[in-house]
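Each chain, letter by letter, is given below.
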Amino acid sequence: MTMVVQTQKHDGNTQVSDVKNLSGGERSFATFCFLLALGHVIESSFRVMDEWDVFMDELTRKETIMMMEYYIERPEQKGRQFILLTPNNLSHVSVSNKVRVKKLPDPVNHQSAHGLQQQTIN
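Here the structure is a predicted model, which means the values were calculated and not measured.

## Description of the overall build of the protein
Argument step 1. Within the protein, the regular secondary structure consists of two helices and six strands.
Argument step 2. Its helices and strands in sequence order give the protein the pattern β-β-α-β-α-β-β-β, from N to C terminus.
Argument step 3. For the protein, the proportion of its 122 residues judged to be buried stands at 20%.
Argument step 4. By sequence separation, contacts in the protein at least 24 residues apart represent 59% of the contacts at least 6 residues apart.

As C-alpha cells, then:
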C-alpha cells in the first residue's frame, strides 16, 4: 500500500510519500486522518486514541477535534463510543449529552529518599 500526504497547497511540490519527511505534527495529523478512514471499514463498538495530538500545534489540534466531533455525529457512528486520551487542554470542546470531558487531576510528586516519585491516581 502506498500513502501520499498532500499538504495545504494543491500542487505537485507539496506531496510527500515518505513520512520521515513530515514534521511530528504533520505525521500525527496524517495518522489521525488514516485512522478515521479505517473506521469506515473496521466494525467496532468503540474506538480509543491515546495521545493522538501531542505533536500537533494548537490550530491543528482544534481542527482535528472539530473533524472528530463531525465524524462522531454522523448517522453511521450511532451506537459507537469514542475515547480520546490527551494530556492537552480540552476546554474548547463542546460538551453535550453525547460528548463528555473527564479531566484527571494532575499527578502529585512526593519527595522520597531516592528522588521524586510519582503518586498513583486512585
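## Some remarks on the environment of Leu85
Argument step 1. Its place among the elements puts Leu85 in strand E4 (residues 81–85).
Argument step 2. When neighbours within four sequence positions are excluded, Leu85 is seen to be in contact with Val48, Met49, Asp50, Glu51 and Trp52.

## As for the pairing of strand E3 (residues 46–50)
Argument step 1. Of the two faces of E3, only one is covered, namely that formed by Arg47 and Met49; the face formed by Phe46, Val48 and Asp50 stays uncovered.
Argument step 2. Bridge analysis of E3 against E4 gives five bridges, and the strand direction is parallel. Across the sheet, Asp50 pairs through a bridge with Leu85, a residue of E4.

## Quick word on a nonpolar patch on the surface
Argument step 1. On the surface, a cluster of nonpolar side chains totalling about 340 Å² of accessible area is made up of Phe46, Val48, Ile83 and Leu85.
Argument step 2. If you list the elements that add at least two residues to the nonpolar patch, you get E3 and E4.
Argument step 3. As for its placement among the helices and strands, Phe46 is situated in strand E3.

Conventions we followed
- Residues numbered from 1 in each chain as written.
- Predicted model: local features only at pLDDT ≥ 70, side-chain atom pairs only at ≥ 80, totals over all residues.
- Heavy atoms only, no water.
- Helix = DSSP H or I, 4+ residues; strand = E, 2+ residues; numbered from the N terminus.
- Buried < 20%, exposed > 50% of the residue type's maximum accessible area, 1.4 Å probe, protein only.
- Contact = heavy atoms within 4.5 Å.
- Pairing = 2+ DSSP bridges.
- Patch = residues over 30% accessible without salt bridge, like charges linked within 9 Å, V, L, I, M, F, W, Y side chains within 5 Å.
- Areas by Shrake-Rupley, 256 points an atom, 1.4 Å probe, with all protein chains shown as cover.
- Salt bridge = Lys/Arg side-chain N within 4 Å of Asp/Glu carboxyl O.

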